[in-house]
Amino acid sequence: MEKLALLLLAFTVVFQISGQLPVSSGVRQNGLANTTVTLTDVWAVRNNPGAFAFMKASQASLTYQNRFIVSELSTQNLAYGHHMKNGNIGVYLQHTGFNLFRSIQTGATYSLALSPRLGMGISGNYQQTRFGDIYGVKHHFTANLGVMYILNKAISVGASILNINRSKISDFENERLPTVFTIGAQYNISKKVLWLIDVEKEIASAVNIKSALELEAHENFDIRMGINTYPFQSAFGFGIHLDNLSIDMAAIWHSTIGLTPSLGIIYSFK
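Residues numbered from 1 in each chain as written. Predicted model: local features only at pLDDT ≥ 70, side-chain atom pairs only at ≥ 80, totals over all residues. Heavy atoms only, no water.

Q: I'm lost on the overall build of the protein in this one. Help?
A: Regarding its fold elements, the protein presents four helices and 16 strands. Looking at the protein as a whole, 49% of its 270 residues qualify as buried. Put simply, of all contacts in the protein between residues at least 6 apart along the chain, 45% involve residues at least 24 apart. (Helix = DSSP H or I, 4+ residues; strand = E, 2+ residues; numbered from the N terminus. Buried < 20%, exposed > 50% of the residue type's maximum accessible area, 1.4 Å probe, protein only. Contact = heavy atoms within 4.5 Å.)

Okay, here's the thing in structure tokens:
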């Protein structure tokens, strides 16, 4: 009975996991309620290929997320981004699940800085989803596009399209993985306060507005908080910076399903 309940829960979140929705990669991002389209660390390799062009140094990251505090739905992420003179290349790997449900995603991103202010990128992704021994295995290939523009020292804007090719899940009713359009901006209110806002639209769902704040409480310590409107979620997190190493913790609260804590590290090769 317990395994059946876990399988039913997996069905309720599979499109969020395999479709790269709405829980984005990166623990800093989780603490900001996944308001991600203008963030330029290594996790832009998944969240916005355009923003990934502005990653300033090669980075590697490892994260762990315990979805809804159900160990069978825990997610492990690994990413590496290599900084180049005019752009960046990166790869990621994600694993979620247990013996009755398992999702594996991997992908690669190439981003180019067309100018000191404009970046564009593209990523290709492979996703494998397995539901026990009865329902078999599904394989999907998706492509993402992204762009980011730095207006001035205070304001940046970005946009991304996830699953631009509308990868098909099944011939039944022409079912496809979600395609998501996101546009957003960030505003440096001061040297210590960053405000972010994203507007996200999936073809078959309502508009989701995300907003978040990041506060530099100390030169080595950040506090983060944010909300989503659809579905309603609130988030809180913090980051500790030690030379080339950052340690991040976050928690997202879903109003219906509950809490999702996460922990991650990022190492910068400066």
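Q: What's the story with the pairing of strand β12 (residues 208–218) in this structure? I'm lost.
A: Two faces belong to every sheet, and in a regular strand the side chains alternate between them. As defined by bridge partners, strand β11 (residues 193–202) adjoins β12 across eight bridges and the pair is classed as antiparallel. Bridge pairing in β12 places Leu196 opposite Ala212. In this structure, the hairpin formed by β11 and β12 is closed by a connection of five residues. Bridging between β12 and strand β13 (residues 221–229) involves eight bridges; their strand directions are antiparallel. (Pairing = 2+ DSSP bridges.)

Q: What is the right way to look at unusual backbone geometry in this model?
A: With the exception of glycine, the majority of residues adopt a negative phi angle, and the majority of peptide bonds are in the trans configuration. The amide bond that connects Tyr230 to the next residue, Pro231, takes the cis arrangement and shows omega of -10°. Turning to its location among the elements, Pro231 is positioned in the loop between β13 and β14 (232–242). One non-glycine residue, Asn34, adopts positive backbone phi at about 60°. Looking at the element boundaries, Asn34 is found in the loop between α2 (27–31) and α3 (44–47). On the basis of relative accessibility, which here comes to 1%, the residue Asn34 falls in the buried class.

Q: Which parts of the structure should I look at to understand the side chain of Ser156?
A: Following the sequence through the fold, Ser156 ends up in strand β7 (residues 155–162). Excluding residues that lie within four positions of it along the chain, Ser156 makes contacts with Thr38, Met148, Tyr149, Ile150, Leu151, Gly184, Ala185 and Gln186.

Q: In this structure, what is going on with the packing of aromatic side chains? I would like to understand it.
A: Any two aromatic rings considered together are summarised by their centre-to-centre distance and by the angle between their planes. For the structure shown, the criterion picks out four aromatic pairs. Ring geometry for Tyr80 versus Phe269: centroids 6.3 Å apart, planes at 75°, classification edge-to-face. On the criterion of sequence distance, the pair formed by Tyr80 in strand β2 (residues 74–83) and Phe269 in the segment after β16 (258–268) is long-range, its members being 189 residues apart. For the ring pair Tyr267 and Phe269, a centre distance of 5.0 Å and an interplane angle of 80° mean the geometry is edge-to-face. Through pairs of rings, three or more aromatic residues link up here, namely Tyr80, Tyr267 and Phe269. (Phe/Tyr/Trp six-rings, centres within 6.5 Å; stacked < 30°, edge-to-face > 60°.)

Q: Looking at this model, I keep getting lost on the environment of Ala251. Mind explaining?
A: Here Ala251 lies in strand β15 (residues 245–254). In this structure Ala251 comes out as partly exposed when scored by relative accessible area, which is 23%. Note: C-alpha distance between Ala251 and Phe236 (15 residues apart in sequence) is 5.6 Å. The residues contacting Ala251, other than those within four sequence positions of it, are Ser234, Ala235, Phe236, Leu259, Thr260 and Pro261.

Q: Teacher, can you tell me more about the nonpolar core here?
A: Soluble, globular proteins show a tendency: their nonpolar side chains are buried together. Residues Val42, Trp43, Val45, Phe52, Ala79 and Tyr92 are the most contacted members of the largest nonpolar core, which totals 13 residues. Secondary-structure elements contributing two or more residues to this core are α3 and α4 (49–52). Not counting the four nearest positions on each side in its chain, Phe52 is found in contact with Asp41, Val42, Ala44, Val45, Gly81, Asn88, Ile89, Gly90, Thr109 and Ser111. (Core = buried A, V, L, I, M, F, W, Y, C linked by side-chain atoms within 4.5 Å.)

Q: What's the story with the pairing of β16 in this structure? I'm lost.
A: Across seven bridges, strand β1 (residues 59–66) lies against β16 in antiparallel orientation. Bridging across to β16, Thr63 finds its partner in Gly264. Relative to β16, β15 runs antiparallel, the two sharing ten bridges. In the strand pairing of β16, Leu245 is matched with Tyr267. The antiparallel pairing of β15 with β16 creates a hairpin that spans three residues between the two strands.

Q: Sorry, what's going on with a nonpolar patch on the surface here?
A: A cluster of nonpolar residues, Ile89, Tyr110, Ile122, Leu145 and Ile164, forms a patch on the protein surface that exposes about 410 Å² of accessible area. Mapped onto the fold, Tyr110 is located in strand β4 (residues 101–113). Residue classification places Tyr110 among the partly exposed positions, given a relative accessible area of 40%. (Patch = residues over 30% accessible without salt bridge, like charges linked within 9 Å, V, L, I, M, F, W, Y side chains within 5 Å. Areas by Shrake-Rupley, 256 points an atom, 1.4 Å probe, with all protein chains shown as cover. Salt bridge = Lys/Arg side-chain N within 4 Å of Asp/Glu carboxyl O.)

Q: It is not clear to me how the pattern of salt bridges should be interpreted in this structure. Could you clarify?
A: Opposite charge on two side chains allows them to pair when their charged atoms are near. The tally for this structure, following the rule as stated, stands at six salt bridges. Among the salt bridges present, the one from Glu214 reaches Arg28, with a minimum N-O distance of 2.8 Å. Of the two residues, Glu214 sits in strand β12 while Arg28 sits in helix α2, which places them 186 residues apart along the sequence. Of the charged contacts, one joins Arg224 and Glu214 as a salt bridge, the two residues approaching to 2.7 Å between their closest N and O atoms. With a gap of ten residues between them, Arg224 in strand β13 and Glu214 in strand β12 connect regions that are remote in the sequence.

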